[in-house]
Amino acid sequence: MAFLDNLPNELFGQIFSHLNCQDLVLACQVSRRFNTLAEPYLYRVTSVQTSRVYLLLRTLLSRPMLGNHVRHLNFMRLGGFASFPTAQPDVALLTAGAERFGIKQPTGSEAAELLLLLHLLPSLDILYNSLGYDPNMLAGFLGDQDFHSDALPVGLQSLRELHCDYEFNVSRKNLRKIMQLPLLRVLRVTMEDDTGVEGVEIDKWTGSSAVTDLAITSSYVTTRQLKTILMIPQAAVRFSFSAHRALAFGDFDASRIWRALGLHRQTLQYVQLQIDDNEYENFDDDVYESFDDGVVEHTAISSLRHWPVLRTIDCSISRLLGYGREKAVMRLVDLLPMSIRELVLDGDEFWMEGEVIDELVHLMEMKEVAGLDYLRVVEVPEGMGQDIRLREAFEAVGVELKTFP
């Protein structure tokens, strides 16, 4: 123990930074010095069940300095699993905390709990909302669209990443508010059907958001809904959009997606589009035949060739090339920008696997002829990746062929 007493605090900090929660709890029990040095790392990543947030609030209200150490907060709601027994909330303590920060929400409500907690976390960087609070409540704390950042809870002033799971849908109005958080850079959110909301079309939206990495999920999408779902910030570097089903009855047009993305071609480096429209079991044959898998207008997609910084495309080839049930609008080699490094092709076009292989082989042949120094990695479904002709074409030009199940 005398040897440990002579070690500098910085070295212990390096050690504690690699320990898990259970080991940090044990380290805090070794000595007062260990407790002082290990406690900040114990609270750095904090996971809390929503039914037990009061216990965290009680700790932070009695020891406010601990709030400075929380950088990553994960809310959980265990659903069908039995919750751990919890202490009865101290109403007087919560009321005093609410009065200190001028919180108007009723004491004991979820909104009051969350708002009070955000006031106690001045260094919060990342918020994961895993089956936790409704993210629309966050937007409610922001007030009007032209809110002042200095009036926000400190936990929202410092927030850089917000990840919300699929249980709660965020409205377009609330998403616009959340995107205005001053330091927010990464946003993962599920949007609701907002087609009845009046306002500017989102592909013409010019908000001042600083978000650079945006991922939007929707339960289903039609061409009309894309007007309200495609909210792309000006500074976007990474953009992901996924829908579990495209319910368009023949009018779904992926061109709108590419036109909206094209407005941000000077900054976009990563684009992911995942639209699952293979779930036709609820429709009769006439409806099935009326679907056209994401036909893309030539003018909407051809500009991709001139995107200066795009490095990764992850989508189905029909969303990329405009395949209908018969043929492609254009060739892959004529589409990819010179900046591209990685291409991930989803496996939803099982009915056109041969055409996709032909397209990739042609791309490799043209790459070899022209000696083009781009496209380092291509990822395809496992079944397609076993094709001998495809593998030989990739090996000939030194492009890595990856597969996924």
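About the cut-offs
- Residues numbered from 1 in each chain as written.
- Predicted model: local features only at pLDDT ≥ 70, side-chain atom pairs only at ≥ 80, totals over all residues.
- Heavy atoms only, no water.
- Helix = DSSP H or I, 4+ residues; strand = E, 2+ residues; numbered from the N terminus.
- Contact = heavy atoms within 4.5 Å.
- Areas by Shrake-Rupley, 256 points an atom, 1.4 Å probe, with all protein chains shown as cover.
- Salt bridge = Lys/Arg side-chain N within 4 Å of Asp/Glu carboxyl O.
- Buried < 20%, exposed > 50% of the residue type's maximum accessible area, 1.4 Å probe, protein only.
- 1 Å grid on protein atoms, 1.4 Å probe; cavity = no way out; pocket = protein on both sides within 12 Å on 5 of 7 lines; lining within 4 Å.
- Points joined across faces, edges and corners; volume = space filled by probe spheres on them.
- Nonpolar A, V, L, I, M, F, W, Y, C, P; charged D, E, K, R; others polar.
- Core = buried A, V, L, I, M, F, W, Y, C linked by side-chain atoms within 4.5 Å.
- Phe/Tyr/Trp six-rings, centres within 6.5 Å; stacked < 30°, edge-to-face > 60°.
- Pairing = 2+ DSSP bridges.

The name recorded for the chain in an unreviewed UniProt entry is F-box domain-containing protein, from Discina gigas.

Explain the overall build of the chain here, please?
Looking only at helices and strands, one finds 18 helices and 12 strands in the chain. In the chain, the proportion of contacts linking residues at least 24 apart, taken out of those at least 6 apart, comes to 76%. Carbon and sulfur atoms form 51% of the exposed surface of the chain, whose accessible area is close to 19,600 Å².

I tried to follow the environment of Gly155 on my own but got confused; where do I start?
Structurally, Gly155 is set in helix α9 (residues 154–157). As a C-alpha pair, Gly155 and Leu117 span 38 residues in sequence and 8.1 Å in three-dimensional space. For Gly155, the contacting residues outside a window of four places in its chain are Leu118, Leu121 and Leu124.

Can you walk me through the pattern of salt bridges in this structure?
Side chains that differ in charge, positive against negative, can pair when their charged atoms come close. Counted according to the given criterion, the structure contains 5 salt bridges. In this structure, the salt-bridge partner of Glu39 is Arg63, at a minimum N-O distance of 2.8 Å. Of this pair, Glu39 sits in helix α4 (residues 32–44) while Arg63 sits in the loop between α5 (53–62) and β2 (72–76), placing them 24 residues apart in sequence. When the shortest N-O distance is used, the salt bridge between Asp125 and Arg160 registers 3.9 Å. Of this pair, Asp125 sits in the loop between α7 (110–119) and β3 (126–130) while Arg160 sits in the loop between α9 and β4 (161–164); the two residues are 35 residues apart in sequence, bridging distant segments of the chain. Judged by its relative accessible area of 25%, Asp125 falls in the partly exposed class. Residue Arg160 is classed as partly exposed on the basis of its relative accessible area, which comes to 38%. Each of Arg188, Asp213 and Arg238 takes part in one network of salt bridges that share partners.

What should I look at first to understand the layout of surface pockets in this one?
In this approach, a probe sized like a water molecule rolls over the atoms, and the result shows the empty space that is left. Here the largest pocket is characterised by a volume of approximately 550 Å³. Surrounding the largest pocket, 21 residues form its lining, Cys21, Leu42, Val45, Thr46 and Ser47 being those nearest its centre. Breaking the lining of the largest pocket down by element, the ones donating at least two residues are α3 (21–28), α4, β1 (45–49) and α5. Broken down by class, the residue content of the lining of the largest pocket amounts to 14 nonpolar, 5 polar and 2 charged.

Looking at this structure, how should I read the nonpolar core?
Core analysis: the largest hydrophobic core is formed by 93 residues, its most contacted members being Leu187 and Leu360. In terms of residue count, α5 provides more of this core than any other element does, 7 residues in total. For Leu360, the contacting residues outside a window of four places in its chain are Leu332, Leu345, Val378, Val380, Leu390 and Phe394. In terms of nonpolar packing, the next biggest core, distinct from the first, is built from 9 residues, Phe16, Ala27, Leu37 and Ala38 among them.

Quick question: what am I supposed to make of the packing of aromatic side chains here?
Taken as a whole and judged by the stated rule, the model has 4 aromatic pairs. Summarising the aromatic geometry, the rings of Phe12 and Phe16 are spaced 6.0 Å apart at their centres and angled 20° between planes, so their arrangement reads as stacked. Of this pair, Phe12 and Phe16 both sit in helix α2 (residues 9–16), 4 residues apart, which is roughly one turn of the helix. Taken together through their ring pairs, the aromatic side chains of Phe12, Phe16 and Phe34 make up a single cluster.

In this structure, what is going on with the pairing of strand β8 (residues 270–275)? I would like to understand it.
Taken across its 6 residues, β8 has 5 buried, putting it largely inside the fold. Relative to β8, strand β7 (residues 238–243) is paired through 6 bridges, and the arrangement is parallel. Across the sheet, residue Phe241 finds its bridge partner in β8, namely Leu273. Two elements, β8 and strand β9 (residues 312–315), share 4 bridges in a ladder whose sense is parallel. Bridge pairing in β9 places Tyr270 opposite Thr312.

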